[in-house]
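As a plain string of letters, each chain reads:
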Amino acid sequence: MNTPQPSELAYVPFVSVANMMRLVHSLGVDRFLSDLAAYIEEDFKRWPEFDKTPRVASHSLEGVIELMPTADAELYGFKYVNGHPKNMKEGFQTVTAFGVLSSVSNGYPVLLTEMTLLTALRTAATSALVGRYLAPKGASVMAMIGNGAQCEFQALAFRALCGITRLRLYDIDPAATAKAKRNLEGQGFDIMACSSAQEAVEGADVITTCTADKQCATILTDNMVGRGQHINAIGGDCPGKTELHKDILTRAQIFVEYPEQTRIEGEIQQLAADHPVTELWQVMRGEVPGRTGANQLTLFDSVGFAIEDFSALRFVRDKVAGTAFSEPLDLLADPDDPRDLFGMLTRAG
């Protein structure tokens, strides 16, 4: 049997987990996060150019599977991602993902990539980018409540973009805190493992909450949070999943990615549908202020939005071009005659 070889148009650059890790190490984590944040900021500043919709979510008792699409005039991107809090107990990742970037002009994919690692990196880069606009001036101490898979990425991003050097770690599972402390000790941080969330937030300039339980939880109560702090709330990201007491929300200036999605999935699902929030793209464009005073309590109600994934896909496409960090994947059927798909199949037999 003489099987025809695929044409060049059949191949799509594919970035595996191994190559994603090689790419990160080739740049260095700090540079990777900083450069990725620059792509995210660039795309937020052209927010009106994007086709936007809340993510398409399929919920079950065990978790959620989501598609996150967006497009500008030239590129279309989407991410497939799951969130299953029970997975860790069964030996699986809580979150896995992959993504595709395509040409709007002909619909052909120009990149297929793993996004489990990339999502962790883009989430951290987005948080720290927002922190650059909202964290108190001179912030150096961050409380990290929830020391799972996202913890170290958040710490490194906030150091690279915001100057955080001291960490106060807490998790209901001491093994998670021990893991995070072990991983971060060689990164130059001053680290304190705390015995409670209350202890962790004392003296913190930034409070990051990143817990995984799919339920209405209260990780922070109002009495735990003082004036002048910035809360980076990233764990509440689907209906019924929150981390903050409602009283915190009523006294904080709340900043969101896409209100139509955050009101369904974020901390503000606890509030009235018309509760005022500030959209981050307007802050980054200089159209509305971010932090306005030293005593202001700011809250980034983060749920993740498709434009951040689009930025990450665009970033990876640019970084792997002309390198060995991707491999050609025979993904697209490309017959010699576009009308003769069946003929191509027949000749292959």
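Preceding this paragraph is the structure being described.
Please read all numbers here as calculations on a predicted model, not as lab measurements. (Residues numbered from 1 in each chain as written. Predicted model: local features only at pLDDT ≥ 70, side-chain atom pairs only at ≥ 80, totals over all residues. Heavy atoms only, no water.)

*Asks:* Explain the overall build of the protein here, please?
*Replies:* Per the secondary structure count, the protein includes 11 helices and 17 strands. Scaling as 2.2 N^0.38, a compact globule of 349 residues should have a C-alpha radius of gyration of about 20 Å, and the protein matches this with 21 Å. Reported as C-alpha extents along the three principal axes, the dimensions of the protein are approximately 75 × 45 × 40 Å. Here the protein holds 349 residues, and the buried ones make up 50% of them. Summarising the internal contacts of the protein: among those between residues at least 6 apart in sequence, 72% fall at separations of at least 24. For the protein, the accessible area works out to roughly 15,700 Å², and carbon and sulfur atoms hold 54% of it. Mean positive and mean negative side-chain charge positions of the protein (31 and 44 charges, respectively) differ by 5 Å. (Helix = DSSP H or I, 4+ residues; strand = E, 2+ residues; numbered from the N terminus. Rg over C-alpha atoms; globule rule 2.2 N^0.38 Å. Buried < 20%, exposed > 50% of the residue type's maximum accessible area, 1.4 Å probe, protein only. Contact = heavy atoms within 4.5 Å. Areas by Shrake-Rupley, 256 points an atom, 1.4 Å probe, with all protein chains shown as cover. Lys, Arg positive; Asp, Glu negative; His and termini not counted. Charge placed at Lys NZ, Arg CZ, Asp CG, Glu CD.)

*Asks:* Help me out: how do you make sense of the pairing of strand E9 (residues 190–193) in this one?
*Replies:* Every regular strand shows the same layout, with side chains that alternate between the two sheet faces. Two strands pair when backbone bridges link them, and strand E8 (residues 166–170) and E9 are joined in this way by 4 bridges, in the parallel orientation. Within the sheet, the bridge partner assigned to Leu167 lies in E9 and is Ile191. (Pairing = 2+ DSSP bridges.)

*Asks:* What am I meant to see in the environment of Asp337 here?
*Replies:* Tracing the sequence through the fold places Asp337 in the loop between strand E17 (327–330) and helix H11 (341–348). Using a relative accessible area of 28% as the deciding quantity, one classes Asp337 as partly exposed.

*Asks:* What's the story with the sheet that holds strand E1 (residues 11–15) in this structure? I'm lost.
*Replies:* Sheet strands associate in pairs through backbone hydrogen bonding, adopting either a parallel or an antiparallel arrangement. Strand order across the open sheet formed by 7 strands is E2-E3-E4-E5-E6-E1-E17, with mixed pairing between neighbours. Two strands close off the open sheet at either side, each with one partner strand: strand E2 (56–59) and E17. Sheet twist, expressed as the average angle between the axes of neighbouring strands with direction ignored, equals 20 degrees. Pairing analysis gives 4 bridges linking E1 to E17, with the strands arranged antiparallel. If you follow Phe14 over to E17, its bridge partner there is Glu327. Together, strand E3 (64–71), strand E4 (75–83), strand E5 (97–103) and strand E6 (109–114) form the strand contacts of helix H3 (residues 116–134), whose direction differs from that of E6 by roughly 90 degrees. (Axes fitted to C-alpha atoms, helices over the stretch in contact; angles between N-to-C directions.)

*Asks:* Explain helix H4 (residues 151–162) here, please?
*Replies:* Owing to its 3.6 residues per turn, the α-helix aligns residues three or four sequence positions apart on the same side. When the terminal C-alpha atoms of H4 are compared, their 16 Å separation across 12 residues agrees well with the 16 Å that a helix rising 1.5 Å per residue should span. For H4, the complete set of buried residues consists of Cys151, Glu152, Gln154, Ala155, Leu156, Ala157, Phe158 and Leu161. Gly163 sits one or two residues past H4 and shows a positive phi near 85 degrees. (Expected span 1.5 Å × (residues − 1).)

*Asks:* Can you walk me through the state of the cysteines in this structure?
*Replies:* Each disulfide consists of a covalent bond between the sulfur atoms of two cysteine residues. Scanning the entire structure with this criterion turns up 0 disulfides. The cysteine Cys194 is free of any disulfide, with Cys151 supplying the nearest cysteine sulfur at 12 Å. Considering cysteine sulfurs only, Cys151 is the nearest to Cys210, which forms no disulfide, with 8.1 Å between them. (Disulfide = S-S within 2.5 Å.)

*Asks:* Got a minute to help me understand the nonpolar core in this structure?
*Replies:* The nonpolar side chains of soluble globular proteins are, as a tendency, buried together. Within the largest apolar cluster, 64 residues are counted, with the highest numbers of intra-cluster contacts made by Phe32, Leu36, Phe44, Leu167 and Val316. Excluding its chain neighbours within four sequence positions, the residues that come into contact with Phe32 are Met20, Leu23, Val24, Leu27, Leu118, Leu121 and Phe315. By size, the runner-up hydrophobic cluster in this structure holds 26 residues, among which are Tyr170, Ala197, Ala252 and Leu299. (Core = buried A, V, L, I, M, F, W, Y, C linked by side-chain atoms within 4.5 Å.)

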